[in-house]
Amino acid sequence: MERGFFHIILCLILSQFAFAQQYDESSFKYFTIKDGLSDNYITGIAQDSTGNIWIATEAGLNLYDGNAIQKIPSVLQGTRIPSNIRNLKSFRPNQLAVITNEGVILLDTKNYTSKKYLVSENTPFSVFQNKGWDAVPLPGESLAVTTATGFYVFDSSRKLIFRHDAYTENDFDKRTIRYGREIFPLNDALYLVQIQEEGVAVFNNAKKEFIVKGKGDKKWDFFSLGFQSGMKAWITKFQLDPDRFLFIEIGIDSVFYYQHQSRKIIKSPLPFHPADELNWTSKITMVTDTSFVINGGNEGFWLLHFNPKSGSITGNKKKYLPGFKINCIFSDREKRLWIGTTEGLFQQKLFPSAIKTFSYTPEMLKDSVQKEISSVYRYKDRLYVGRFARQSGLMILDTATMLPLANLSFYGNNSQFNEVLSIQMYHNDTLWLGTFGGLIWLDTKTHHYGKVSLNQSSPLRLNVLSPIGKDGNAWLLRFGSDLASLYNPAKREIVNYSKESSPLLPLPHVNIAAGDAKIIADQLSGCQGHCHLQRSGSGG
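Residues numbered from 1 in each chain as written. Predicted model: local features only at pLDDT ≥ 70, side-chain atom pairs only at ≥ 80, totals over all residues. Heavy atoms only, no water.

Student: What am I meant to see in the sheet that holds strand β20 (residues 209-213) here?
Tutor: Pairing between the strands of a sheet is mediated by backbone hydrogen bonds and can be parallel or antiparallel. Reading across from one edge, β17-β18-β19-β20 is the order of the four strands in this open sheet, with antiparallel pairing throughout. Whereas interior strands pair on both sides, the edge strands pair on one side only; in this sheet they are β17 (180-185) and β20. Averaged over neighbouring strand pairs, the angle between their axes works out to 25° when direction is ignored. Here strand β19 (residues 199-204) pairs with β20 via five bridges, running antiparallel. The partner of Val-200 across the bridge, within β20, is Lys-213. (Pairing = 2+ DSSP bridges. Helix = DSSP H or I, 4+ residues; strand = E, 2+ residues; numbered from the N terminus. Axes fitted to C-alpha atoms, helices over the stretch in contact; angles between N-to-C directions.)

Shown next, in the form of structure tokens:
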């Protein structure tokens, strides 16, 4: 570490208990048409480069800027945005893909210009050819799209430069036309394309080749359900990264974790039956690196936990928002959930973080030598931070800004009184500091200080201070010694204990003391169930 350049990190616990993320209905803010939505039936949610939330509904596109919801005009720069939006995806900076039943639109979220990508126009079959399912950006600002009839690639000028038609006009009114599904990028050249209900193809962008993989091709068998007989169809799929995936099969009460390169498959039980709870509208949404949610086909959603190292997945049967049909779930940059339903939009309320981290430079500490923080005590709007230092042993912070207000040295620099182990308050407006030089009192108003005077028989250099217990007493110890004292602040009386006292101190070396509702002096005689003295080097 270079001299003069370091940071000391203070982790400040803001609450006694960390708030767990909650997903009950009361933990969400609810938006409907009364709040500006163009419709309550939500079909897609995405976030742009500036943090705005885009919301697709059956009646058009909406934007939430953090304060209010506004409707986006249906015609932008001559391009009509249809109302039947299937999904929204954020692509390059300031670029939003609007996937609709009438083509894919790339919307510039900064200047509201747009481009519409169509396979064909003004033919009866155009209804199927432009019915989009998924879209991904390709190198060189190209765009790959799956629709009901096939797989298509457009260049930046919207020119169709590659097409794979699985259905043509000859199939019109003869059979169900529903071909293209999810596109999973494997690298800049290869793209995995899910087709039909269980098929898979690979598109080589460099060679412009689209190859359908049949069952029996071991490299791709997992994606086409060829790795295990009797399986029906993947009901939902999710790509974690270019090599790892999550899949759920409709007839098996399990979720599959799959690593493509190693072909590693981890099967974990689900807390519900997919055949009863999920359908093609169910989607996996990652919340964090270790958790994801999945929405039910009819109502509600579940939270599942993911172990990235082992690939195992766990969860419970609790269903959140059980009274709502959920169409889509989105997790924004703050890991807040946005849930689109048939009856409106839910925005998760975020609880404040239980821990915040603050960094301090040598200049702020008035000390060129890095020493760790040993103790923290809050009194009113000040935070008193003790350090193992030979100068500037106590830093005083403003709790509103967490900026230093003062750095105090006791009895000059290079003094053991600056090596502060513990801080407590036993008398109004006066802190006691336990240091390697002994006990110091500090007036919080004037910052005057001095050595604490105890009775002549009390041990010198007491430096481990405990809070006042329910019995009105506080333990004062000397770190690593066989000496301890019990101090009564109200009476200003102190009783000393050692291996020679009566009652005796039952441990040869102590570092920490804590008391409960029992009177600790009584405990010393037998230490029956309520004596909490930590031995030096033993941990108990």
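After that view of the structure, there is still more to cover.
Student: I keep staring at the pattern of salt bridges and nothing clicks. Help me out?
Tutor: Close approach of charged atoms allows side chains with opposite charge to pair. Evaluation of the coordinates by the stated rule reveals 13 salt bridges. Where Lys-319 meets Glu-299, a salt bridge forms, and the shortest distance between an N and an O atom there is 3.4 Å. One end of the pair, Lys-319, is in the loop between β28 (313-315) and β29 (326-331); the other, Glu-299, is in the loop between β26 (291-295) and β27 (301-306), with 20 residues separating them in the sequence. A relative accessible area of 30% means that Glu-299 is categorised as partly exposed. With its nearest N and O atoms 3.5 Å apart, the salt bridge here joins Asp-429 to Lys-445. (Salt bridge = Lys/Arg side-chain N within 4 Å of Asp/Glu carboxyl O. Buried < 20%, exposed > 50% of the residue type's maximum accessible area, 1.4 Å probe, protein only.)

Student: Please explain the packing of aromatic side chains as it appears in this structure.
Tutor: In this description, a pair of aromatic rings is defined by centroid distance and the angle of the planes. Counted by the stated rule, this structure contains 44 aromatic pairs. Relative to Tyr-487, the ring of Tyr-426 has its centre 5.8 Å away and its plane inclined at 55°; by these criteria the two rings are tilted. Highlighted residues: Tyr-426 in strand β37 (residues 420-427) and Tyr-487 in strand β43 (residues 484-488), separated in sequence by 61 residues. Assigned by exposure class, Tyr-426 and Tyr-487 land together as buried. Look at Trp-475 and Tyr-497: their rings are 5.9 Å apart centre to centre, the planes differ by 50°, and that puts the pair in the tilted class. Note that Trp-475 is positioned in strand β42 (residues 474-477) and Tyr-497 in strand β44 (residues 493-497), a separation of 22 residues in sequence. Both residues of the pair, Trp-475 and Tyr-497, count as buried. Its guanidinium or amino end placed over the ring of Trp-133, Arg-181 lies 4.8 Å from that ring's centre, counting from NZ or CZ. (Phe/Tyr/Trp six-rings, centres within 6.5 Å; stacked < 30°, edge-to-face > 60°. Lys NZ or Arg CZ within 6 Å of the ring centre and 35° of its normal.)

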